[in-house]
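Residue-level structure breakdown
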Amino acid sequence: MSDKIPEGNRSARERLAQQREREKGREKRRRTLIVASAVVGVLGLAAVVGLIAANAGKDGGGDSASGPAVAPSGAIGEAALTLPVGAADAPSTLTIWEDFRCPVCAQFETAFRDTITELADDGQIRVEYHLATIIDGNLGGSGSLRAANAAACAQDVGKFAPYHDVLFSNQPPEPDDAFARNSRLIELAGEVKGLDTPDFRGCVEDGEHDSWVKKSDTAFREGGFQGTPTVLLNGESVFPGKGDEQISPENLKKWVAEANKGKKPGSATPAEGATSPSGPADGSAPADGAAAPSSPAEGVSAPVAPSSAAGS
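Now for a look at the structure at hand. (Residues numbered from 1 in each chain as written. Predicted model: local features only at pLDDT ≥ 70, side-chain atom pairs only at ≥ 80, totals over all residues. Heavy atoms only, no water.)

This paragraph deals with the pattern of salt bridges. Inspection of every chain in the model, using the stated rule, returns 11 salt bridges. Arg 184 serves as the salt-bridge partner of Glu 187, at 3.0 Å between the closest nitrogen and oxygen. Here Glu 187 and its partner Arg 184 are both found in helix 6 (residues 182-189), three residues apart, which amounts to about one turn of the helix. With a relative accessible area of 52%, Glu 187 lands in the exposed category. When the shortest N-O distance is used, the salt bridge between Glu 245 and Lys 254 registers 2.4 Å. Judged by its relative accessible area of 31%, Lys 254 falls in the partly exposed class. (Salt bridge = Lys/Arg side-chain N within 4 Å of Asp/Glu carboxyl O. Helix = DSSP H or I, 4+ residues; strand = E, 2+ residues; numbered from the N terminus. Buried < 20%, exposed > 50% of the residue type's maximum accessible area, 1.4 Å probe, protein only.)

Below, the structure is given as structure tokens:
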């Protein structure tokens, strides 16, 4: 038997081998194209993400929280995280942690604003405000951060207290992140005489104090507080109550009087760099053109518990 391969069979095998080589080449080129396309897609996605990040501050506010923490003018205390209102030498200190999206914070402000203003005006307390962004963490959005930055911008020009009141008086429903829009925050600044200026607008739109707000929120979370509002009188929690007594305007006055027994009231001079309380206790027009503090609605009782857990 001959071991020679017939010419026809040899040609068929060669053609088959050539076909296999061509298929291998095509498969290699196809894989190369897939890998290249994937790389281009990743780069394109990165470009889109970068574009979204670059445009995030057009109206919703640029979150510059990765930059250095720029404290607002007049902020005091450790890491300059405290916004003081009232006499620097007042015998007692009322510390309030709040979130501008927190509905119970707004209820607290409605129920106690006049009382706190009266006590501060009389030199009985200095109010130390701290800002948190709990609702942003719990519900998503950026309204807590944006509003807190805007309030810090108002502090820069000595108008924190009236703008603080305007924000709470115009607080949107909790799920509505309306404060995430810088345009809304600037619009509300028009209710405080002299606040809506190019400098204020630039501060709000640039997120000048975003990192400072983030730092304040971190301090809140690390402080072991349970939620907002957190209210402390000389370091002791008085919200929703003190001992077996529930907080009320009358009880708050009583607790302050007990703490201040035998002590002189503070001078009328506000804390350095701070603003005066936003409205007099007699109900007349507040300073700086702020809206008059609102009275508790009929049938509204004092808040009984913080609205927002400290964790997100």
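Once the structure has been displayed, the description carries forward.
To continue, consider unusual backbone geometry. Residue Thr 228 is joined to Pro 229 through a cis peptide bond whose omega torsion reads 0°. Of note, Pro 229 is situated in the loop between strand 4 (227-228) and strand 5 (230-233). Note the cis peptide between Phe 239 and Pro 240, where omega equals 10°. Looking at the element boundaries, Pro 240 is found in the loop between strand 6 (236-237) and strand 7 (241-242). The phi torsion at Ala 79 lies on the positive side, around 60°, for a residue other than glycine. For Ala 79, the position within the fold is in the loop between helix 1 (7-55) and strand 1 (83-85). Despite not being glycine, Asn 234 has its phi angle at roughly 50°, a positive value. Position of Asn 234 relative to the elements: it lies in the loop between strand 5 and strand 6.

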